[in-house]
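Architecture and fold: a report
One-letter residues, chain by chain:
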Amino acid sequence: MPILNKLFIAGIFLLAVEGGYTGADASPELVKNKQCGMCHRFTPDEADKPAPDLFYAGDKFQKDWLENFLQHPEVIRPAGHTRDPGFLRGQPEFSPPHPALKTKEAKEMTDYLISLKILNDGPPLELGDLSKGARVRVKILFERDYSCIACHQSYNLARQPRGGVSGPSFINAGRRLRPEWVYQWLKNPKQFTDRGRMPLYAFDEETLRKLTQYIMSHQKDDSAQ
Amino acid sequence: MNRAYWLITGILLMTILNGCGQEPEKEPPAPPPEVSVPPVQTPAPRAHPVTQETRDTYQFYCAQCHGTEGHGNGINAPHLTVPPRDHTKADYLETRTDEQLFTAIQQGGLSVGRAPCMPSWGATLNENTIHSLVSYIRELCQCEAL
């Protein structure tokens, strides 16, 4: 790990010196100019970088959220990204605010990011609504049986965020993520990352759908958007 | 809605309070009752030695809660109502057999009558790795089961 970390830092430094991401890629000028590739991977074959991978952004994010985030970034990982060299010390080297784009740039960037996919387009996932009873049962799975809350923020009964910080927060997941992607992540996260810090689970079909529904039921209040 | 529904919902809500998501401001409830684990032969000492891979595995997965040095102070720790176990504290770990530690790691805290904030790693780590993590915890506490 430490060696990898040094490589990251060295890599970032080199890239910074060269003035941007220079790999053989098809990313538009905007991505190069804004140096997004200093921190993010836009293709799976680049070396690891200390920020979330974006080569499946089109599978993962809702378009409206993305366009909004690029202009008004919010904190999703309160302890930083898992590949940040300072992650485990609670002192991430990257600290917010995230670089922001102007409206026109954000639109162009969103169109590009939405085009990046690794999953085959399947039929949309029909989840329906969670009944109150089903919601209580899946909450128990989330908070008790599977310990999800130990690493991910959810809401408590007073609608305050609470829960662990090593994984991405779910407090706005219902606006941010596509249900099809959440489902695929829960089914097999290795489709997206070789090795994450989240435990692997072997969920049955019903549990997969219930957990996806539950995660998607998290939304920030409109006023907070 | 009928009464039975609310009764069931009420009971379920109470069950939730035993989850890992209690309100931080409240006093943590008493630990769940000890389950009786059948006496098992502890595996021969250090049959599964600690390797660099063991240490890396601990840093990668366990340190996010137990801390990089095993003191129970990982980045999630302040957000959990039941603190991650301090793996350097002999007085508690002496009272646990290697088998109990193995089961806690493989099947999670609930399986050994401990808090659900300790996830199960049985689908992530193979048995040899889990055995070597038990050896590593014994190294951290410098202790053996009494």
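Relevant structure appears above.
Calculation notes
Residues numbered from 1 in each chain as written. Chains lettered and ligands numbered in written order. Predicted model: local features only at pLDDT ≥ 70, side-chain atom pairs only at ≥ 80, totals over all residues. Heavy atoms only, no water. Core = buried A, V, L, I, M, F, W, Y, C linked by side-chain atoms within 4.5 Å. Buried < 20%, exposed > 50% of the residue type's maximum accessible area, 1.4 Å probe, protein only. Helix = DSSP H or I, 4+ residues; strand = E, 2+ residues; numbered from the N terminus. Domains from an automatic or database assignment. Contact = heavy atoms within 4.5 Å. Phe/Tyr/Trp six-rings, centres within 6.5 Å; stacked < 30°, edge-to-face > 60°. Lys NZ or Arg CZ within 6 Å of the ring centre and 35° of its normal.

**Here we look at the nonpolar core**
Residues and elements named next belong to chain A. In this structure, Phe 42, Met 109, Leu 113, Phe 142 and Leu 186 are the most contacted members of the largest nonpolar core, which totals 51 residues. Of all the secondary-structure elements, those providing two or more residues to this core are helix H2 (29-33), helix H4 (63-71), helix H5 (103-114), helix H6 (132-145), helix H8 (179-187) and helix H9 (205-216). Here this core spans two domains, and each of domain 1 (3-114) and domain 2 (132-216) adds at least three residues to it. In contact with Leu 113, not counting residues within four places along its chain, are Phe 42, Leu 54, Ala 57, Gly 58, Leu 66 and Leu 70.

**Focus: the packing of aromatic side chains**
Counting across every chain of the model gives 17 aromatic pairs over all chains. A centroid spacing of 4.9 Å and a plane angle of 55 degrees characterise the contact between Tyr 56 of chain A and Phe 192 of chain A, whose relative ring orientation is tilted. Highlighted residues: Tyr 56 of chain A in the loop between H2 and helix H3 (57-60) and Phe 192 of chain A in the loop between H8 and H9, separated in sequence by 136 residues. Judged by relative accessible area, Tyr 56 of chain A falls into the buried class, the value being 5%. Taking the centre distance of 5.2 Å and the plane angle of 55 degrees together, the rings of Phe 142 of chain A and Tyr 214 of chain A count as tilted. Here the residue Phe 142 of chain A occupies a position in helix H6, and Tyr 214 of chain A occupies one in helix H9, the gap between them amounting to 72 residues. Per residue, the accessibility class of Phe 142 of chain A equals that of Tyr 214 of chain A, and both read buried. Here Arg 159 of chain A stacks its cationic end above the ring of Tyr 155 of chain A, 4.2 Å away from the centre of that ring. The residue whose ring lies beneath Arg 85 of chain B is Tyr 92 of chain B, and the NZ or CZ to ring-centre distance is 3.5 Å.

Any functional reading would require information beyond the geometric quantities listed.
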